[in-house]
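Topology and contacts: notes
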Amino acid sequence: MTVTLADVAARAQVSPATVSRVLNGNYPVAASTRERVLRAVDELDYVLNGPASALAAATSDLVGILVNDIADPFFGIMASAIQSEIGGPGGRAGGERLAVVCNTGGSPERELTYLTLLQRQRAAAVVLTGGAVEDAPHAAAVGAKLRKLAEAGTRVVLCGRPPAPDTGAVALTFDNRGGARALTDHLIGLGHRRLGYIAGPGERTTTRHRLEGHRAALSAAGVEEDPRWTVHARYDRRSGHEATLELLRRDPTLTAVVAANDSVALGACAALRESGLRVPEDVSVAGFDDLPFSIDAVPSLTTVRLPLAEAGARAGRIAMGREEPPLGGVASVRGELMVRGSSGVPRG
């Protein structure tokens, strides 16, 4: 059933003219009234300028790119690559498309808010990057938003994010489990048996998948994991520094530290040096993602290279309809183990 402007007015207990003023932003409206109108819009899933079923041929030239943290090179590289495929002619009447990067800051609420705003703007495409939050109500809410977008003619692509079944979204997933297993296999092959692991935030799919790959490698090699050897932290350098000090406090005999990503690995290296330990002579360190600074670190980081730019560019082409989606709407993007100077043979 089509939701009309009058329906929103009735829900918000205001006049249709007031709803129009709030949505168009062309007339001053009291803050409390504006909040009431916007709440009604959300509750009724009202789409400006007509019903969603009529929007398939009336999308705008706007493309939304959702990132967790634009200051993180992981997201910056993907966003840049996506935008490079969006630029140039191809919008309505051959005009340029406008790419808007939406920085969620890791907030599930902001993610939903941006999806709602992009739906209202009749975005031509939406690309969501990075891992998803593992929370059933949030996943259901995101799924509902993605379905609404797809029904309105918006192309939805997930880049580095697990599939969202029954939403119409195309997914380019990263093989985080396989990459993490290869990384830990490498360290075990060097003789390491006491490996500390700095996992990312516990609620993220990326965190769980990489930790599962690490544990699978330990299990296959018959290495018994000590609960003290795993700590969770944010995906940044400072958190890596603090988490490494905590690992050393728990078990000073660790011979390797596997970090959730390269930024965390840099923090780990700094903490080890401050503790009087050498990398890799005393403790090996490994990261994940192969961000640009990884090869320039001292020593350069052993890591797993994810083709972030390539995946982002492909997501952009699919979003623009210039490349066919993968068969079944899902493709797995594999990483490559990059062995460098930060990993070595453990001390006796």
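In this report, the structure presented in the accompanying data block is examined. Everything numeric in this text was worked out from a predicted model, so none of it was measured.

Helix and strand counts for the protein come out as eleven helices and twelve strands. Along the first, second and third principal axes, the C-alpha set of the protein runs to 75 × 40 × 30 Å. By residue count, 53% of the 348 residues in the protein fall in the buried class. Sequence-distant contacts in the protein: of pairs separated by 6 or more residues, those separated by 24 or more amount to 74%. When the accessible area of the protein is evaluated, it comes to approximately 15,300 Å², of which 52% is carbon and sulfur surface.

Once that is clear, we can look at the environment of N103. For N103, the location among the structural elements is in strand β2 (residues 98–103). Judged by its relative accessible area of 29%, N103 falls in the partly exposed class. Between the alpha carbons of N103 and Y114 there is a distance of 8.9 Å; along the sequence they are eleven residues apart. If sequence neighbours within four positions are ignored, N103 has contacts with V67, N68, D69, I70 and Y114. Of the polar contacts made by the side chain of N103, one reaches the backbone nitrogen of I70; its length is 2.6 Å.

Moving on to the packing of helix α9 (residues 237–250) against helix α10 (residues 262–274). Axis separation between α9 and α10 bottoms out at 6 Å; the angle between their running directions is 50 degrees. Looking at the two axes, α9 sits oblique to α10. Both α9 and α10 take part in a crossing whose hand is right-handed. Each of R237, G240, H241, T244, L245 and L248 in α9 lies in contact with α10, whose residues at this interface are S263, V264, L266, G267, A268, A270, A271, L272 and E274.

Helix length check: helix α6 (residues 136–151) (16 residues) gives 22 Å between terminal C-alpha atoms against 22 Å at 1.5 Å per residue, within 8%. All buried positions along α6 are accounted for by H138, V142, G143, K145, L146 and L149. For α6, the angular spread of buried residues about the axis comes to 165 degrees, placing them on one side. Opposite the buried face of α6, at more than 90 degrees from it, the exposed residues are A136, P137 and E151. Its side-chain oxygen at 2.9 Å from the backbone nitrogen of H138, D135 defines the N-terminal cap of α6. Just downstream of α6 lies G153, where phi reads positive at about 95 degrees.

Right, let's talk about the packing of aromatic side chains for a bit. A full pass over the atoms with the stated rule returns two aromatic pairs. Ring centres of F74 and F75 lie 5.0 Å apart, and the angle between their planes is 75 degrees; this geometry places the pair in the edge-to-face category. Both residues of the pair, F74 and F75, count as buried. Ring geometry for F74 against F174: centres 6.3 Å apart, planes inclined by 85 degrees, an arrangement best described as edge-to-face. Of the two residues, F74 is situated in helix α4 (residues 73–86) and F174 in strand β5 (residues 170–174); the sequence distance between them amounts to 100 residues. With respect to class, F74 is no different from F174; both count as buried. Among the aromatic residues, those joined into a ring-pair cluster are F74, F75 and F174.

By volume, the largest pocket is sized at about 580 Å³. The set of elements that each furnish at least two residues to the lining of the largest pocket consists of β1 (62–67), α4, β3 (125–129) and α8 (205–220). Broken down by element, the residue count for the lining of the largest pocket peaks at three residues, all from α4. Residues that form the lining of the largest pocket fall into these classes: eleven nonpolar, 13 polar and ten charged.

This next bit is on helix α7 (residues 176–189). Relative to the 20 Å expected for 14 residues at 1.5 Å per residue, α7 spans 20 Å between its end C-alpha atoms, a close match to the ideal helical length. Those residues of α7 that fall on the buried side of the exposure criterion are N176, G179, A180, L183, T184, H186, L187 and I188.

The full count for this structure, using the stated rule, is 24 salt bridges. Where D289 meets R210, a salt bridge forms, and the shortest distance between an N and an O atom there is 2.8 Å. Here R210 lies in helix α8 and D289 lies in the loop between β9 (284–286) and β10 (303–305), a separation of 79 residues in the sequence. Residue D289 shares its accessibility class with R210, and that shared class is buried. Across the pair R228 and D251 runs a salt bridge whose closest N-O atoms are separated by 3.6 Å. With a gap of 23 residues between them, R228 in the loop between α8 and β7 (230–232) and D251 in the loop between α9 and β8 (256–259) connect regions that are remote in the sequence. Classification of R228 by relative accessible area gives partly exposed; the value is 37%. Connected through salt bridges with shared partners, the residues E85, R314, R317, R322 and E323 form a single ionic network.

Basis of the calculations
- Residues numbered from 1 in each chain as written.
- Predicted model: local features only at pLDDT ≥ 70, side-chain atom pairs only at ≥ 80, totals over all residues.
- Heavy atoms only, no water.
- Helix = DSSP H or I, 4+ residues; strand = E, 2+ residues; numbered from the N terminus.
- Buried < 20%, exposed > 50% of the residue type's maximum accessible area, 1.4 Å probe, protein only.
- Contact = heavy atoms within 4.5 Å.
- Areas by Shrake-Rupley, 256 points an atom, 1.4 Å probe, with all protein chains shown as cover.
- Polar contact = N/O pair within 3.5 Å; in protein donor to acceptor, adjacent residues only side chain to side chain.
- Axes fitted to C-alpha atoms, helices over the stretch in contact; angles between N-to-C directions.
- Parallel < 35°, antiparallel > 145°, perpendicular 65-115°, else oblique.
- Left-handed = near helix turned anticlockwise from the far one by under 90°.
- Expected span 1.5 Å × (residues − 1).
- Arc of directions from axis to C-beta.
- Phe/Tyr/Trp six-rings, centres within 6.5 Å; stacked < 30°, edge-to-face > 60°.
- 1 Å grid on protein atoms, 1.4 Å probe; cavity = no way out; pocket = protein on both sides within 12 Å on 5 of 7 lines; lining within 4 Å.
- Points joined across faces, edges and corners; volume = space filled by probe spheres on them.
- Nonpolar A, V, L, I, M, F, W, Y, C, P; charged D, E, K, R; others polar.
- Salt bridge = Lys/Arg side-chain N within 4 Å of Asp/Glu carboxyl O.

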